[in-house]
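Examination of the molecular architecture
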Amino acid sequence: MINHEIVNNEYIVQIASEDHLRLADTICNEMEQSAKARGTGIAKRSPIYVMEKMLEGKAIVATTLAGAWVGFCYIETWEHGKFVANSGLIVHPDYRKSGIATQIKAKAFELSRTRFPNAKIIGLTTSEAVLKINSELGYLPVTFSKLPADDAFWKGCQTCVNYDILTRTNRKHCLCVGMLYDPEEHKKEEKPEKWNFLKESKLYGRWLKIKQRILLRFQERQRVRRDERELEAA
Ligand SMILES: CC(C)(COP(=O)(O)OP(=O)(O)OC[C@H]1O[C@@H](n2cnc3c(N)ncnc32)[C@H](O)[C@@H]1OP(=O)(O)O)[C@@H](O)C(=O)NCCC(=O)NCCS
């Protein structure tokens, strides 16, 4: 997996490392400000938690070429790696609507598939942009019963303003949509297609004609040389 992706010659989207620890405060502040501005729920994260994710190689960061923060997202696992969530997606307000979140999510998805190939990839979101991005990656909307039953997973919702809705409905409903990418469902698509003679027959036909032309030309030349030698000998 290639770590660096340079987008439009302007941004670098990559797996975060210790070089990015300096960005953790800014990221958490922006998460909080954005949640307030939207007036909807978002799970709070501490800078320490964000730093841990960076050091574990489980975070994706987007920066300008000069190193200023542009966007962020991280991956978490649940139920011993049965589920992976790509969480905490945030893009700096000045850089929104230029495809940064799409690039970050694509990288987080690639990282999740590489590190946890058998895990179901899940998400909980109220964001129209995220619904769109996830759908394009192959996630489908699911009922909450398909998400981890683990209390630790739902604990992340405690800091959301809508948490009481979730508890009142016994974790059956809330404002977020649950989404899931099941690798089993996609296995068929990922299998390399077998070589199909009928499908490739046109190509094969062209190759055969070229081969015939070359071989016949060679044969013809051999025949002319033979005739010339016979003439000389006569
Ligand atoms: C949600 C967020 C991450 C999107 O980031 P972004 O870089 O602007 O997203 P992109 O430019 O990659 O857009 C992806 C798609 O969503 C659409 N989109 C972006 N913002 C949108 C919005 N506010 N409403 C509806 N659609 C939106 C884009 O048009 C694009 O669609 P397209 O592929 O058909 O063109 C960003 O607005 C943000 O940080 N919001 C605050 C935090 C948040 O809500 N995080 C999500 C928590 S689950």
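Use the structure listed above.
Remember, predicted model here, so these are calculated numbers, not experimental data.

**Some words on the site of the ligand**
Not every one of the 19 residues close to the ligand is listed here, only the nearest: S34, R96, A101, T102 and A129. Mapped onto the shell around the ligand, the elements with two or more residues apiece are β5 (83–91), α3 (100–115) and α4 (128–137). Across the shell around the ligand, the residue classes break down as nine nonpolar, six polar and four charged.

**Some details on the pairing of strand β4 (residues 69–78)**
Where burial is concerned, most of β4 is hidden: seven out of the ten residues are buried. Counting the residues that bridge the hairpin from strand β3 (residues 59–64) to β4 gives four residues, and of these G67 lies at a positive phi of roughly 100°. Judged from the seven bridges that link them, β4 and β5 form a sheet pairing that is antiparallel. Pairing of W78 across the sheet is with F83, part of β5. Connecting the antiparallel pair β4 and β5 is a turn made up of four residues, with E79 showing a positive phi of about 50°.

**Comments concerning the nonpolar core**
Of all hydrophobic cores here, the largest spans 41 residues; its most connected members are I27, I60 and I104. Not counting chain neighbours up to four residues away, the residues in contact with I104 comprise V13, I60, A62, G71, C73 and L89.

How each quantity is defined
Residues numbered from 1 in each chain as written. Predicted model: local features only at pLDDT ≥ 70, side-chain atom pairs only at ≥ 80, totals over all residues. Near = placed C-beta within 6 Å. Helix = DSSP H or I, 4+ residues; strand = E, 2+ residues; numbered from the N terminus. Nonpolar A, V, L, I, M, F, W, Y, C, P; charged D, E, K, R; others polar. Buried ≥ 20, exposed ≤ 12 C-beta atoms within 10 Å, placed from the backbone. Pairing = 2+ DSSP bridges. Core = buried A, V, L, I, M, F, W, Y, C linked by C-beta atoms within 7 Å. Contact = placed C-beta atoms within 7 Å.

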